[in-house]
Amino acid sequence: MSISDERPAILFHGVWKSFVRPAGQMLIRDRLKQMLRPHAQEVFHALREVSFSIHPGESMAVIGHNGAGKSTLLNLTTKLCRPDRGSIEVNGRVAALLELGAGFHPDLTGAENLRINAALMGFSRRNIREKFAEIVAFSELEDFIDEPLRTYSTGMMMRLAFSVAVSVDPDILIIDEVLGVGDMSFQAKCLERIMQFRNAGKTMLCVSHSNETLMGLCDQAMWLDHGRLMECGPINHVVEAYKNSVSQQTMYSAG
Amino acid sequence: MWQGDYLYLIENLILKDFRIRYRNMSLGMLWSLVNPLIMMGVLTFVFTKVFDKNPIPHFPVFVLCGMIPFNFFSVAWISGTTSIVDNAGLVKRVPVPREIVPITTVLANCVHLLVQISLLLTLVFYFYGSNRQWFWLPVVWGLEVVFVSGLALLSSAINVYIRDTRYIVESANTVLFWMVPIVYDSAIVPQKYRDFYEINPLAALVLTLRRILLQAQGPDGPTHTLWKFAGVSFTVFAAGLLFFHLMKPRFYEHI
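Before going into details, it helps to say that this report is about the structure given with it. (Residues numbered from 1 in each chain as written. Chains lettered and ligands numbered in written order. Predicted model: local features only at pLDDT ≥ 70, side-chain atom pairs only at ≥ 80, totals over all residues.)

Right, let's talk about the overall build of chain A for a bit. Helix and strand counts for chain A stand at 8 helices and 9 strands. Along the longest, intermediate and shortest principal axes, the C-alpha atoms of chain A span 55 × 50 × 45 Å. Relative to its 255 residues, chain A shows a buried fraction of 39%. Of the contacts formed within chain A by residues at least 6 apart in sequence, a portion of 73% connects residues at least 24 apart. (Helix = DSSP H or I, 4+ residues; strand = E, 2+ residues; numbered from the N terminus. Buried ≥ 20, exposed ≤ 12 C-beta atoms within 10 Å, placed from the backbone. Contact = placed C-beta atoms within 7 Å.)

Residue and element names in this part refer to chain A. A sheet is described by the order of its strands in space; here 3 strands give the open sequence β2-β1-β4, paired in antiparallel fashion. Taken across any chain shown, the strands that pair with only one partner, and hence form the sheet edges, are β2 (42-54) and β4 (85-90). When strand polarity is set aside, the average angle formed by the axes of neighbouring strands in this sheet is 30 degrees. Bridge analysis of strand β1 (residues 10-21) against β2 gives 9 bridges, and the strand direction is antiparallel. Across the sheet, Phe19 pairs through a bridge with Phe44, a residue of β2. Across the sheet, helix α2 (residues 70-77) is in contact with β1, β2 and β4; its angle to β1 comes to roughly 120 degrees. (Pairing = 2+ DSSP bridges. Axes fitted to C-alpha atoms, helices over the stretch in contact; angles between N-to-C directions.)

Residue and element names in this part refer to chain A. Pairing is mixed in the open sheet, where 6 strands are placed in the order β5-β6-β7-β3-β8-β9. A strand with exactly one partner marks an edge of an open sheet, and here the two such strands are β5 (94-96) and β9 (228-234). On average, each strand axis in the sheet is inclined to that of its neighbour by 15 degrees, with strand direction left out of account. Sheet topology places strand β6 (residues 172-176) next to strand β7 (residues 203-207); 5 bridges connect them, and they run parallel.

With 30 residues of chain B at the interface, the matching set in chain A holds 30 residues. Mapped onto the side of chain B that touches chain A, the elements with two or more residues apiece are α1 (6-23), α5 (88-93) and α12 (251-254) of chain B. Looking at the side of chain B that touches chain A, the element that brings in the most residues is α1 of chain B, giving 8 residues.

What follows deals with the packing of helix α3 (residues 110-120) of chain A against helix α5 (residues 154-167) of chain A. Residues and elements named next belong to chain A. Direction vectors running N to C along α3 and α5 enclose 40 degrees, while the axes themselves pass 10 Å from each other. The way α3 lies across α5 gives a crossing that is right-handed. Here Gly110, Asn113, Leu114, Asn117 and Ala118 of α3 come into contact with α5, specifically with Leu160, Ala161 and Val164. Of the residues that constitute the contact of α3 with α5, the class distribution is 5 nonpolar, 3 polar and no charged. (Left-handed = near helix turned anticlockwise from the far one by under 90°. Nonpolar A, V, L, I, M, F, W, Y, C, P; charged D, E, K, R; others polar.)

All names here are of chain B. Interhelical geometry of helix α7 (residues 137-161) versus helix α8 (residues 165-179) gives an angle of 140 degrees and a closest axis separation of 8 Å. In terms of orientation, α7 and α8 fall into the oblique class. For the pair α7 and α8, contact is made by Ser155, Ile158 and Asn159 and by Thr165, Arg166 and Val169, respectively. Here the contact of α7 with α8 is composed, by residue class, of 2 nonpolar, 3 polar and 1 charged. (Parallel < 35°, antiparallel > 145°, perpendicular 65-115°, else oblique.)

What follows is about the environment of Val63 of chain B. All names here are of chain B. Checked against the element boundaries, Val63 lands in helix α3 (residues 59-81). Val63 gets classed as buried once you count the C-beta atoms within 10 Å, which come to 23. Residues in contact with Val63, not counting those within four places in the same chain, are Met40, Leu43, Thr44, Ile182 and Val183.

Purely geometric numbers; function is a separate question.
Encoded structure:
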(Lines give C-alpha, C1' and ligand atoms only; values in the text may rest on other atoms or scores of the structure.)
Protein backbone atom coordinates (compact mmCIF):
# COMPACT_ATOMS: atom_id res chain seq x y z
CA MET A 1 0.00 0.00 0.00
CA SER A 2 1.46 3.34 -0.93
CA ILE A 3 0.95 6.34 1.26
CA SER A 4 0.48 9.78 -0.17
CA ASP A 5 2.46 12.49 1.56
CA GLU A 6 -0.57 14.54 2.55
CA ARG A 7 -2.13 11.78 4.66
CA PRO A 8 -0.64 11.37 8.12
CA ALA A 9 0.61 7.89 9.00
CA ILE A 10 -1.01 8.10 12.43
CA LEU A 11 -3.59 10.66 13.49
CA PHE A 12 -5.17 10.92 16.97
CA HIS A 13 -7.96 13.43 17.32
CA GLY A 14 -9.28 14.21 20.81
CA VAL A 15 -8.81 10.63 22.01
CA TRP A 16 -10.11 9.60 25.41
CA LYS A 17 -9.70 6.12 26.82
CA SER A 18 -10.73 4.95 30.24
CA PHE A 19 -10.76 1.63 32.04
CA VAL A 20 -13.30 0.65 34.65
CA ARG A 21 -11.98 -0.86 37.86
CA PRO A 22 -12.44 -3.51 38.93
CA ALA A 23 -12.44 -5.09 35.50
CA GLY A 24 -11.67 -8.61 34.35
CA GLN A 25 -12.65 -11.66 36.44
CA MET A 26 -16.36 -11.10 36.85
CA LEU A 27 -18.71 -13.75 38.15
CA ILE A 28 -22.49 -13.53 38.07
CA ARG A 29 -22.65 -12.10 41.60
CA ASP A 30 -20.23 -9.30 40.64
CA ARG A 31 -22.42 -8.42 37.68
CA LEU A 32 -25.51 -8.37 39.90
CA LYS A 33 -23.75 -6.12 42.41
CA GLN A 34 -22.79 -3.86 39.55
CA MET A 35 -26.41 -3.63 38.42
CA LEU A 36 -27.61 -2.79 41.91
CA ARG A 37 -24.92 -0.21 42.58
CA PRO A 38 -23.85 1.15 39.21
CA HIS A 39 -21.81 4.01 40.66
CA ALA A 40 -19.53 1.94 42.85
CA GLN A 41 -17.00 1.62 40.04
CA GLU A 42 -13.81 3.51 39.81
CA VAL A 43 -12.94 4.88 36.38
CA PHE A 44 -9.31 5.17 35.43
CA HIS A 45 -8.55 7.58 32.60
CA ALA A 46 -5.60 6.24 30.65
CA LEU A 47 -5.74 8.96 27.95
CA ARG A 48 -7.42 12.35 28.14
CA GLU A 49 -8.08 14.38 25.04
CA VAL A 50 -4.93 13.31 23.20
CA SER A 51 -4.40 14.72 19.70
CA PHE A 52 -1.34 14.45 17.51
CA SER A 53 -0.31 13.43 14.05
CA ILE A 54 2.74 11.59 12.78
CA HIS A 55 3.67 12.00 9.15
CA PRO A 56 5.08 9.21 7.02
CA GLY A 57 8.80 8.82 7.64
CA GLU A 58 8.75 10.50 11.03
CA SER A 59 9.93 8.69 14.11
CA MET A 60 8.15 9.57 17.31
CA ALA A 61 9.13 8.67 20.86
CA VAL A 62 6.58 8.43 23.65
CA ILE A 63 7.88 9.27 27.11
CA GLY A 64 6.31 9.52 30.53
CA HIS A 65 6.23 7.79 33.91
CA ASN A 66 4.70 4.36 34.50
CA GLY A 67 0.95 4.44 33.98
CA ALA A 68 1.04 7.66 31.98
CA GLY A 69 -0.84 5.99 29.13
CA LYS A 70 2.04 5.03 26.82
CA SER A 71 1.03 1.41 26.34
CA THR A 72 -2.63 2.35 25.95
CA LEU A 73 -1.60 4.73 23.20
CA LEU A 74 0.31 1.98 21.39
CA ASN A 75 -2.53 -0.52 21.83
CA LEU A 76 -5.00 1.96 20.40
CA THR A 77 -2.72 2.47 17.41
CA THR A 78 -2.61 -1.28 16.71
CA LYS A 79 -6.43 -1.41 17.11
CA LEU A 80 -6.32 -3.80 20.05
CA CYS A 81 -8.87 -1.61 21.77
CA ARG A 82 -11.03 1.34 20.80
CA PRO A 83 -11.16 4.89 22.12
CA ASP A 84 -14.12 6.05 24.25
CA ARG A 85 -14.21 9.33 22.39
CA GLY A 86 -12.25 10.86 19.55
CA SER A 87 -10.95 9.26 16.40
CA ILE A 88 -7.83 7.43 15.34
CA GLU A 89 -6.63 7.09 11.80
CA VAL A 90 -3.80 4.76 10.81
CA ASN A 91 -2.63 4.61 7.21
CA GLY A 92 -0.36 1.77 6.20
CA ARG A 93 0.56 -1.66 7.42
CA VAL A 94 1.45 -1.73 11.10
CA ALA A 95 3.91 -4.12 12.72
CA ALA A 96 4.23 -3.96 16.45
CA LEU A 97 7.26 -5.17 18.36
CA LEU A 98 4.98 -5.41 21.36
CA GLU A 99 3.70 -8.67 19.94
CA LEU A 100 7.00 -10.29 20.83
CA GLY A 101 6.50 -13.97 21.33
CA ALA A 102 2.71 -13.94 20.96
CA GLY A 103 1.42 -17.50 20.88
CA PHE A 104 4.70 -19.06 21.98
CA HIS A 105 4.34 -22.44 23.63
CA PRO A 106 7.14 -24.17 25.57
CA ASP A 107 6.43 -27.69 24.24
CA LEU A 108 6.77 -26.71 20.58
CA THR A 109 10.08 -26.36 18.79
CA GLY A 110 11.62 -23.04 17.89
CA ALA A 111 10.69 -23.54 14.23
CA GLU A 112 7.06 -24.38 15.03
CA ASN A 113 6.74 -21.36 17.31
CA LEU A 114 8.33 -19.21 14.66
CA ARG A 115 5.68 -20.23 12.12
CA ILE A 116 2.75 -19.67 14.49
CA ASN A 117 4.09 -16.31 15.60
CA ALA A 118 4.71 -15.23 12.02
CA ALA A 119 1.23 -16.33 10.93
CA LEU A 120 -0.21 -14.24 13.78
CA MET A 121 1.73 -11.27 12.54
CA GLY A 122 0.15 -11.68 9.13
CA PHE A 123 2.70 -13.75 7.18
CA SER A 124 1.35 -15.93 4.41
CA ARG A 125 2.60 -19.42 3.67
CA ARG A 126 4.74 -18.07 0.83
CA ASN A 127 6.22 -15.28 2.96
CA ILE A 128 7.34 -17.83 5.50
CA ARG A 129 8.84 -20.15 2.94
CA GLU A 130 10.86 -17.28 1.53
CA LYS A 131 11.94 -15.77 4.83
CA PHE A 132 12.29 -18.75 7.15
CA ALA A 133 16.03 -19.19 6.63
CA GLU A 134 16.63 -15.47 6.89
CA ILE A 135 14.73 -15.21 10.18
CA VAL A 136 16.58 -18.16 11.69
CA ALA A 137 19.90 -16.75 10.54
CA PHE A 138 19.13 -13.38 12.09
CA SER A 139 18.25 -15.01 15.40
CA GLU A 140 21.55 -16.98 15.36
CA LEU A 141 19.62 -20.00 16.64
CA GLU A 142 20.34 -22.40 13.74
CA ASP A 143 21.56 -25.16 16.07
CA PHE A 144 18.57 -24.99 18.40
CA ILE A 145 15.69 -24.30 16.04
CA ASP A 146 14.32 -27.87 16.23
CA GLU A 147 14.59 -28.06 20.01
CA PRO A 148 11.52 -27.42 22.20
CA LEU A 149 11.22 -23.83 23.37
CA ARG A 150 11.37 -24.84 27.04
CA THR A 151 15.05 -25.65 26.58
CA TYR A 152 15.72 -22.04 25.48
CA SER A 153 17.02 -19.34 27.78
CA THR A 154 14.95 -16.16 28.05
CA GLY A 155 17.48 -14.37 25.90
CA MET A 156 17.23 -17.01 23.16
CA MET A 157 13.44 -16.86 23.23
CA MET A 158 13.45 -13.09 22.88
CA ARG A 159 15.96 -13.33 20.03
CA LEU A 160 13.63 -15.66 18.16
CA ALA A 161 10.63 -13.41 18.79
CA PHE A 162 12.48 -10.29 17.78
CA SER A 163 13.78 -11.89 14.59
CA VAL A 164 10.25 -12.73 13.46
CA ALA A 165 8.98 -9.29 14.37
CA VAL A 166 11.59 -7.36 12.40
CA SER A 167 11.19 -9.54 9.32
CA VAL A 168 7.73 -8.09 8.68
CA ASP A 169 7.88 -5.32 6.14
CA PRO A 170 5.62 -2.68 7.68
CA ASP A 171 4.91 0.94 6.81
CA ILE A 172 4.63 1.75 10.49
CA LEU A 173 6.78 0.10 13.15
CA ILE A 174 5.72 0.21 16.78
CA ILE A 175 8.37 -0.57 19.34
CA ASP A 176 7.58 -1.07 23.02
CA GLU A 177 10.49 -1.44 25.39
CA VAL A 178 12.02 -4.36 23.54
CA LEU A 179 15.46 -3.11 22.82
CA GLY A 180 16.98 -4.85 25.81
CA VAL A 181 16.92 -8.19 23.97
CA GLY A 182 19.80 -10.63 24.13
CA ASP A 183 23.47 -9.83 24.63
CA MET A 184 25.32 -6.69 23.59
CA SER A 185 26.08 -7.82 20.07
CA PHE A 186 22.50 -8.90 19.45
CA GLN A 187 21.22 -5.60 20.81
CA ALA A 188 23.51 -3.78 18.41
CA LYS A 189 22.14 -5.91 15.58
CA CYS A 190 18.55 -5.07 16.56
CA LEU A 191 19.30 -1.37 16.70
CA GLU A 192 20.96 -1.58 13.33
CA ARG A 193 17.88 -3.28 11.87
CA ILE A 194 15.63 -0.61 13.34
CA MET A 195 17.87 2.13 11.94
CA GLN A 196 17.50 0.46 8.53
CA PHE A 197 13.74 0.80 8.89
CA ARG A 198 14.15 4.44 9.74
CA ASN A 199 16.49 5.13 6.86
CA ALA A 200 14.09 3.39 4.50
CA GLY A 201 11.58 6.09 5.35
CA LYS A 202 9.29 4.03 7.57
CA THR A 203 7.21 5.64 10.27
CA MET A 204 8.14 4.68 13.82
CA LEU A 205 6.49 4.98 17.20
CA CYS A 206 8.73 4.00 20.12
CA VAL A 207 8.34 3.58 23.87
CA SER A 208 11.35 3.11 26.12
CA HIS A 209 12.47 4.18 29.56
CA SER A 210 15.93 4.82 28.20
CA ASN A 211 16.03 8.40 26.92
CA GLU A 212 19.42 7.74 25.33
CA THR A 213 18.03 4.93 23.19
CA LEU A 214 15.09 7.07 22.16
CA MET A 215 17.24 10.04 21.27
CA GLY A 216 19.29 7.78 19.04
CA LEU A 217 16.19 6.50 17.24
CA CYS A 218 13.67 9.31 17.06
CA ASP A 219 13.56 12.97 16.00
CA GLN A 220 10.18 13.75 17.53
CA ALA A 221 8.79 13.00 20.96
CA MET A 222 5.61 13.34 22.95
CA TRP A 223 5.37 13.43 26.70
CA LEU A 224 2.37 11.93 28.47
CA ASP A 225 1.50 12.68 32.09
CA HIS A 226 -1.52 10.97 33.68
CA GLY A 227 -3.03 10.53 30.24
CA ARG A 228 -2.55 14.12 29.13
CA LEU A 229 -0.29 15.13 26.29
CA MET A 230 2.07 17.66 27.88
CA GLU A 231 4.49 18.38 25.05
CA CYS A 232 4.97 17.26 21.51
CA GLY A 233 7.84 18.33 19.30
CA PRO A 234 11.57 17.90 18.66
CA ILE A 235 12.90 15.19 20.95
CA ASN A 236 15.67 17.24 22.64
CA HIS A 237 13.18 19.85 23.68
CA VAL A 238 10.57 17.39 24.98
CA VAL A 239 13.06 15.21 26.87
CA GLU A 240 14.46 18.34 28.49
CA ALA A 241 10.99 19.45 29.63
CA TYR A 242 10.22 15.95 30.94
CA LYS A 243 13.50 15.78 32.89
CA ASN A 244 12.84 19.20 34.43
CA SER A 245 9.41 18.16 35.63
CA VAL A 246 10.75 14.91 37.07
CA SER A 247 13.55 16.68 38.98
CA GLN A 248 11.10 19.27 40.26
CA GLN A 249 8.79 16.56 41.52
CA THR A 250 11.62 14.79 43.30
CA MET A 251 12.63 18.09 44.89
CA TYR A 252 9.10 18.67 46.18
CA SER A 253 8.75 15.19 47.50
CA ALA A 254 12.19 15.38 49.10
CA GLY A 255 11.49 18.79 50.63
CA MET B 1 -7.03 -3.88 10.69
CA TRP B 2 -5.19 -7.19 10.69
CA GLN B 3 -4.01 -8.06 7.21
CA GLY B 4 -2.86 -11.59 6.85
CA ASP B 5 -3.43 -15.08 5.64
CA TYR B 6 -6.50 -16.42 7.50
CA LEU B 7 -6.23 -19.99 6.27
CA TYR B 8 -2.53 -20.25 7.02
CA LEU B 9 -3.11 -18.84 10.51
CA ILE B 10 -5.99 -21.22 11.24
CA GLU B 11 -3.94 -24.15 9.96
CA ASN B 12 -1.05 -23.19 12.21
CA LEU B 13 -3.24 -22.76 15.27
CA ILE B 14 -4.89 -26.15 14.71
CA LEU B 15 -1.50 -27.79 14.24
CA LYS B 16 -0.32 -26.11 17.43
CA ASP B 17 -3.20 -27.51 19.43
CA PHE B 18 -2.71 -30.95 17.91
CA ARG B 19 1.02 -31.04 18.60
CA ILE B 20 0.69 -29.80 22.16
CA ARG B 21 -1.93 -32.40 22.87
CA TYR B 22 -0.12 -35.38 21.41
CA ARG B 23 3.56 -34.69 21.77
CA ASN B 24 3.73 -35.64 25.42
CA MET B 25 1.64 -38.78 25.12
CA SER B 26 3.41 -42.03 24.45
CA LEU B 27 0.31 -43.55 22.87
CA GLY B 28 -0.45 -40.43 20.86
CA MET B 29 -3.60 -40.73 18.80
CA LEU B 30 -4.62 -43.94 20.57
CA TRP B 31 -5.80 -41.85 23.49
CA SER B 32 -8.57 -40.49 21.30
CA LEU B 33 -9.85 -44.05 20.99
CA VAL B 34 -9.38 -45.20 24.57
CA ASN B 35 -11.92 -42.83 26.07
CA PRO B 36 -14.88 -43.70 23.82
CA LEU B 37 -14.04 -47.41 24.01
CA ILE B 38 -14.11 -47.37 27.81
CA MET B 39 -17.36 -45.41 27.85
CA MET B 40 -18.82 -47.80 25.31
CA GLY B 41 -17.83 -50.77 27.47
CA VAL B 42 -19.30 -49.31 30.66
CA LEU B 43 -22.55 -48.21 29.07
CA THR B 44 -22.94 -51.56 27.32
CA PHE B 45 -22.44 -53.38 30.61
CA VAL B 46 -25.01 -51.23 32.43
CA PHE B 47 -27.64 -51.28 29.70
CA THR B 48 -27.37 -54.91 28.61
CA LYS B 49 -26.21 -56.76 31.74
CA VAL B 50 -27.63 -54.69 34.61
CA PHE B 51 -30.80 -53.69 32.77
CA ASP B 52 -30.85 -56.96 30.90
CA LYS B 53 -34.02 -56.62 28.83
CA ASN B 54 -32.52 -54.46 26.14
CA PRO B 55 -33.93 -55.26 22.68
CA ILE B 56 -31.43 -53.08 20.75
CA PRO B 57 -29.15 -55.20 18.54
CA HIS B 58 -25.38 -54.56 18.59
CA PHE B 59 -25.78 -52.21 21.52
CA PRO B 60 -22.09 -51.13 21.64
CA VAL B 61 -22.31 -49.80 18.07
CA PHE B 62 -25.66 -48.18 18.83
CA VAL B 63 -24.18 -46.35 21.84
CA LEU B 64 -21.07 -45.30 19.97
CA CYS B 65 -23.23 -43.84 17.23
CA GLY B 66 -24.70 -41.39 19.74
CA MET B 67 -21.66 -40.92 21.94
CA ILE B 68 -19.15 -39.86 19.31
CA PRO B 69 -21.13 -36.91 17.96
CA PHE B 70 -22.14 -36.01 21.52
CA ASN B 71 -18.58 -36.12 22.90
CA PHE B 72 -17.35 -33.89 20.11
CA PHE B 73 -20.21 -31.49 20.71
CA SER B 74 -19.56 -31.38 24.42
CA VAL B 75 -15.76 -31.06 24.39
CA ALA B 76 -15.71 -28.59 21.50
CA TRP B 77 -18.39 -26.41 23.07
CA ILE B 78 -16.73 -26.33 26.50
CA SER B 79 -13.25 -25.64 25.16
CA GLY B 80 -14.70 -23.08 22.74
CA THR B 81 -16.43 -21.32 25.64
CA THR B 82 -13.19 -20.72 27.53
CA SER B 83 -11.11 -20.11 24.40
CA ILE B 84 -11.04 -16.30 24.48
CA VAL B 85 -10.12 -16.18 28.16
CA ASP B 86 -7.61 -19.03 27.77
CA ASN B 87 -5.94 -17.22 24.89
CA ALA B 88 -5.80 -13.85 26.65
CA GLY B 89 -2.15 -13.60 25.63
CA LEU B 90 -3.17 -13.54 21.99
CA VAL B 91 -6.31 -11.45 22.35
CA LYS B 92 -4.51 -8.72 24.30
CA ARG B 93 -1.42 -8.57 22.12
CA VAL B 94 -2.26 -9.39 18.52
CA PRO B 95 -4.99 -7.65 16.54
CA VAL B 96 -6.08 -10.84 14.73
CA PRO B 97 -9.83 -11.10 14.19
CA ARG B 98 -11.10 -12.53 17.46
CA GLU B 99 -13.57 -14.88 15.76
CA ILE B 100 -10.60 -17.01 14.79
CA VAL B 101 -9.99 -18.05 18.39
CA PRO B 102 -13.23 -19.94 19.24
CA ILE B 103 -13.61 -21.26 15.70
CA THR B 104 -10.07 -22.64 15.65
CA THR B 105 -10.63 -24.24 19.04
CA VAL B 106 -13.67 -26.07 17.68
CA LEU B 107 -11.81 -27.08 14.52
CA ALA B 108 -8.87 -28.39 16.54
CA ASN B 109 -11.27 -30.81 18.21
CA CYS B 110 -12.20 -32.15 14.77
CA VAL B 111 -8.88 -33.98 14.68
CA HIS B 112 -10.14 -36.01 17.65
CA LEU B 113 -13.49 -36.43 15.97
CA LEU B 114 -11.94 -37.82 12.78
CA VAL B 115 -10.08 -40.50 14.72
CA GLN B 116 -13.25 -41.46 16.54
CA ILE B 117 -15.30 -41.45 13.35
CA SER B 118 -12.92 -43.96 11.80
CA LEU B 119 -13.41 -46.20 14.84
CA LEU B 120 -17.17 -45.88 14.49
CA LEU B 121 -17.18 -46.57 10.75
CA THR B 122 -14.98 -49.62 11.22
CA LEU B 123 -17.40 -51.10 13.75
CA VAL B 124 -20.48 -50.21 11.71
CA PHE B 125 -18.90 -51.72 8.63
CA TYR B 126 -18.15 -54.94 10.52
CA PHE B 127 -21.69 -55.35 11.93
CA TYR B 128 -23.87 -53.67 9.33
CA GLY B 129 -21.78 -53.19 6.19
CA SER B 130 -21.61 -49.96 4.25
CA ASN B 131 -24.36 -48.32 2.23
CA ARG B 132 -24.80 -45.53 -0.28
CA GLN B 133 -26.19 -43.12 2.30
CA TRP B 134 -22.69 -42.85 3.80
CA PHE B 135 -22.11 -40.05 1.29
CA TRP B 136 -24.33 -37.91 3.53
CA LEU B 137 -22.00 -38.33 6.52
CA PRO B 138 -19.66 -35.43 5.68
CA VAL B 139 -22.71 -33.17 5.36
CA VAL B 140 -24.13 -34.24 8.71
CA TRP B 141 -20.84 -33.87 10.54
CA GLY B 142 -20.13 -30.62 8.75
CA LEU B 143 -23.42 -29.26 10.06
CA GLU B 144 -22.46 -30.33 13.55
CA VAL B 145 -19.21 -28.34 13.29
CA VAL B 146 -21.18 -25.28 12.10
CA PHE B 147 -23.64 -25.71 14.98
CA VAL B 148 -20.95 -26.03 17.67
CA SER B 149 -18.96 -23.12 16.22
CA GLY B 150 -22.04 -20.92 16.51
CA LEU B 151 -22.62 -21.95 20.11
CA ALA B 152 -18.93 -21.46 20.92
CA LEU B 153 -18.99 -17.94 19.46
CA LEU B 154 -21.97 -17.09 21.65
CA SER B 155 -20.73 -18.62 24.86
CA SER B 156 -17.09 -17.54 24.51
CA ALA B 157 -18.21 -13.91 24.20
CA ILE B 158 -20.45 -14.20 27.26
CA ASN B 159 -17.68 -15.97 29.18
CA VAL B 160 -15.46 -12.89 28.83
CA TYR B 161 -18.00 -10.84 30.76
CA ILE B 162 -19.32 -13.50 33.10
CA ARG B 163 -16.75 -16.11 34.01
CA ASP B 164 -19.14 -18.70 35.37
CA THR B 165 -20.51 -19.25 31.88
CA ARG B 166 -18.24 -22.26 31.50
CA TYR B 167 -19.84 -23.99 34.51
CA ILE B 168 -23.28 -23.36 33.10
CA VAL B 169 -22.16 -24.88 29.79
CA GLU B 170 -20.67 -27.88 31.58
CA SER B 171 -23.89 -28.50 33.50
CA ALA B 172 -25.92 -28.12 30.32
CA ASN B 173 -23.81 -30.85 28.76
CA THR B 174 -24.35 -33.23 31.66
CA VAL B 175 -28.10 -32.74 31.29
CA LEU B 176 -27.93 -33.11 27.51
CA PHE B 177 -26.15 -36.45 27.72
CA TRP B 178 -29.35 -37.98 29.13
CA MET B 179 -31.75 -35.80 27.13
CA VAL B 180 -30.33 -36.98 23.82
CA PRO B 181 -31.13 -40.57 22.82
CA ILE B 182 -27.60 -41.88 23.28
CA VAL B 183 -28.12 -44.87 25.56
CA TYR B 184 -31.75 -45.48 24.63
CA ASP B 185 -33.83 -45.58 21.47
CA SER B 186 -35.91 -42.48 20.83
CA ALA B 187 -38.81 -44.80 19.97
CA ILE B 188 -39.32 -45.62 23.67
CA VAL B 189 -39.80 -41.95 24.60
CA PRO B 190 -43.45 -41.47 25.68
CA GLN B 191 -45.55 -39.45 23.29
CA LYS B 192 -46.04 -36.51 25.66
CA TYR B 193 -42.28 -35.83 25.78
CA ARG B 194 -41.74 -36.24 22.04
CA ASP B 195 -42.00 -32.52 21.34
CA PHE B 196 -38.89 -31.86 23.36
CA TYR B 197 -36.94 -34.37 21.29
CA GLU B 198 -38.30 -32.82 18.13
CA ILE B 199 -36.82 -29.41 18.96
CA ASN B 200 -33.51 -30.69 20.35
CA PRO B 201 -30.93 -30.26 17.57
CA LEU B 202 -28.57 -32.81 19.09
CA ALA B 203 -31.30 -35.45 19.14
CA ALA B 204 -31.92 -34.72 15.46
CA LEU B 205 -28.21 -35.16 14.78
CA VAL B 206 -27.98 -38.52 16.55
CA LEU B 207 -31.19 -39.79 14.91
CA THR B 208 -29.93 -38.79 11.48
CA LEU B 209 -26.62 -40.56 12.01
CA ARG B 210 -28.34 -43.72 13.23
CA ARG B 211 -30.70 -43.67 10.29
CA ILE B 212 -27.78 -43.51 7.87
CA LEU B 213 -25.42 -45.91 9.60
CA LEU B 214 -27.67 -48.51 11.23
CA GLN B 215 -30.79 -48.43 9.08
CA ALA B 216 -29.24 -47.60 5.69
CA GLN B 217 -31.96 -45.03 5.12
CA GLY B 218 -31.76 -41.57 3.61
CA PRO B 219 -30.81 -38.86 6.09
CA ASP B 220 -33.96 -36.82 6.01
CA GLY B 221 -36.65 -39.21 7.25
CA PRO B 222 -40.37 -38.44 7.63
CA THR B 223 -39.85 -35.49 10.03
CA HIS B 224 -37.20 -33.75 7.90
CA THR B 225 -34.71 -33.81 10.74
CA LEU B 226 -31.74 -33.06 8.50
CA TRP B 227 -33.32 -29.94 7.02
CA LYS B 228 -34.31 -28.73 10.45
CA PHE B 229 -30.84 -29.41 11.82
CA ALA B 230 -29.29 -27.56 8.88
CA GLY B 231 -31.59 -24.59 9.48
CA VAL B 232 -30.82 -24.51 13.19
CA SER B 233 -27.07 -24.87 12.62
CA PHE B 234 -26.77 -21.98 10.21
CA THR B 235 -29.11 -19.80 12.27
CA VAL B 236 -27.09 -20.43 15.42
CA PHE B 237 -23.86 -19.77 13.56
CA ALA B 238 -25.14 -16.47 12.14
CA ALA B 239 -26.48 -15.41 15.54
CA GLY B 240 -23.16 -16.39 17.13
CA LEU B 241 -21.15 -14.35 14.63
CA LEU B 242 -23.39 -11.32 15.06
CA PHE B 243 -23.38 -11.48 18.86
CA PHE B 244 -19.62 -12.00 18.95
CA HIS B 245 -19.14 -9.07 16.63
CA LEU B 246 -21.16 -6.82 18.93
CA MET B 247 -19.34 -7.96 22.06
CA LYS B 248 -15.73 -8.09 20.84
CA PRO B 249 -14.83 -4.38 20.92
CA ARG B 250 -14.68 -4.49 24.71
CA PHE B 251 -12.96 -7.87 25.17
CA TYR B 252 -9.66 -6.11 25.71
CA GLU B 253 -10.89 -4.30 28.83
CA HIS B 254 -12.44 -7.39 30.37
CA ILE B 255 -9.74 -10.01 30.03
